[in-house]
Amino acid sequence: MKLQGTMKINDKGHLEIGGCDAVDLAKRFGTPLYVMDEQQFRQNCRNYYRAFTDKYDGTVIYAGKTLLTMAICHIIAEEGLSLDVVSGGELYTAWKARFPMERVFFHGNNKTRVELKMALDFKVGRIMADNLYELETLNHLAGEAGVKPRVLLRLTPGVEAHTHEYIKTGQVDSKFGMAIETGQAMEAVKIALGLENINLTGFHCHIGSQIFELESYAHAADVMMSFAREVKAETGWAPYEMNLGGGLGIYYALGDEPQSVEKYADTAVRAVQELAEKYHLPMPRVMVEPGRSISGPAGTTLYTVGAIKDIPGVRKYVAVDGGMGDNPRPAMYQSRYEAIIANRAAEPIEEKVSIAGKCCESGDMLIWDIELPALQPGDILAVSATGAYNYSMSMNYNRLPRPAMVLVREGEADVIVARETYDDLLRNDLVPDRLKKKGTVKLAEAGTA
Ligand SMILES: Cc1ncc(COP(=O)(O)O)c(C=O)c1O
Ligand SMILES: N[C@@H](CCCC[NH3+])C(=O)O
């Protein structure tokens, strides 16, 4: 496993993250456990701030869908980044954490009226209108509230990024945004410019996620700026904000070759600069919405090894105490991960095994065919690069409680998400009185069921 951020192997041969021994963390907080490396998370934020804001006066908007908790909101706020939220729940989290609302960007392809009202009440910085229906609804709600929100139009540039089918978003055949190619984007601009309660500031596009080819961003910039030129010619108005979305890829496993944030910034911003000059447009403020490349590499999940099933000549399954409930990505996208035995991190490789989760699904596999020292029940397995789209996509399938999350830094570990209890799972369950009167419960009460 590639050691990321502050990870190292200590004198005991244990994995250490943020100065904390992973074996101690597992003992103290239990497993499965999400471990967030605060220093690495902050460093990733700073790399973006330096590359886009310091160098080009651009705006960096952290994509909260990758990982959003109250503590994470505090860190994002401190690091000077803005925040992309995509639901009332994410918006509420930011608000409760007292995140500066003028730095919040509200996304979503089907924001409800309640969510839009909430965004207006909280005075979020920008709303990204995804479709014409939303634009009209927002205009109406803003009129009622007597406000004029700043709005970017989410457009689909028709750029296909080389990534998994389900995480592509820039192509015309997508549920997100308004297509440039079909003329709907131009129609939306004209409508937005005519709406009394909408303050149109610019355009947004997002071509996909886990992208390694920076050329895709230059291509998207080209399509968006060419569109801006057409808009200027037809309406006389030009965008002064250009949001190119997120998507920068990270290292999960051998073969992944992430690009640096500096190169990403240089490619994207210079492309916009050159095109602005070429098309005689004012230079818009460039915005980006990175998520995975900030939170992803900073997270590690610790599991305890349990049952081991060896099928001679076929495969050895090693089961851990988590799986698709805390990390649905391998089951959903065939995502690959690397792992290390945290309590025997310096030992040589001995065998090839497959790491299984504990859900009642054959597809609940975390890693196929990984080479490790011989695993034993009780070993602590650390899976790296689980900071993005793991906790945020976790679920209670099979009524498995969600793991805790600890933030580690310089030898200190603080719980930032408490482990769910069995009672938490029952929190929203209700049993109507008419069922309570029936046999099963009576039997259970009598201790015979
Ligand atoms: C609109 C939008 N912005 C930002 C992101 C964040 O992308 P990533 O986590 O790949 O940087 C996504 C997710 O793909 C997205 O849909
Ligand atoms: N959830 C996806 C990425 C989706 C991107 C959201 N627009 C993943 O885990 O890779």
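Residues numbered from 1 in each chain as written. Chains lettered and ligands numbered in written order. Predicted model: local features only at pLDDT ≥ 70, side-chain atom pairs only at ≥ 80, totals over all residues. Heavy atoms only, no water.

Undergrad: Which residues make up the site of ligand 1, and what values do they have?
TA: Lining the immediate environment of ligand 1, one finds 16 residues, of which His206, Ser209, Glu289, Arg292 and Tyr389 sit closest. In this structure, lysine 65 approaches ligand 1 through a side-chain N or O atom, which is 3.3 Å from an oxygen atom. At 2.6 Å, a side-chain N or O of glutamate 289 approaches a nitrogen atom of ligand 1. For ligand 1, whose accessible area on its own is 390 Å², the fraction buried by protein is 94%. Residues that form the shell around ligand 1 fall into these classes: three nonpolar, eight polar and five charged. (Near = heavy atom within 4 Å. Polar contact = N/O pair within 3.5 Å; in protein donor to acceptor, adjacent residues only side chain to side chain. Areas by Shrake-Rupley, 256 points an atom, 1.4 Å probe, with all protein chains shown as cover. Nonpolar A, V, L, I, M, F, W, Y, C, P; charged D, E, K, R; others polar.)

Undergrad: Now, about the UniProt feature "active site" (unreviewed entry) in the protein: what can you tell me, with residues and values included?
TA: As recorded in UniProt, the feature "active site" (unreviewed entry) lies at Cys360. Within the fold, cysteine 360 resides in the loop between β17 (351-356) and β18 (365-372). The exposed category is assigned to cysteine 360, whose relative accessible area is 64%. Cysteine 360 has contacts with Tyr397 and Asn398, leaving out every residue within four places of it along the chain. (UniProt positions renumbered as here; feature names shortened; annotations may be inferred. Helix = DSSP H or I, 4+ residues; strand = E, 2+ residues; numbered from the N terminus. Buried < 20%, exposed > 50% of the residue type's maximum accessible area, 1.4 Å probe, protein only. Contact = heavy atoms within 4.5 Å.)

Undergrad: With reference to specific residues and values, describe the sheet that holds strand β1 (residues 8-9).
TA: If you walk across this open sheet you meet the three strands as β1-β2-β3, and the pairing is antiparallel. Here the strands that pair on one side only, and so sit at the sheet edges, are β1 and β3 (20-21). Inspection of the sheet shows strand β2 (residues 15-17) paired to β3 by two bridges, in the antiparallel sense. Looking across to β3, one finds that glutamate 16 is bridged to aspartate 21. (Pairing = 2+ DSSP bridges.)

Undergrad: Break down the nonpolar core for me, citing the residues and quoting the values.
TA: Grouped together as the largest cluster of nonpolar side chains are 92 residues, with contacts concentrated most on Phe41, Phe52, Tyr62, Leu153 and Phe203. Core analysis: the next-biggest nonpolar cluster, separate from the first, contains 21 residues, Leu25, Phe29, Ala404 and Ala413 among them. (Core = buried A, V, L, I, M, F, W, Y, C linked by side-chain atoms within 4.5 Å.)

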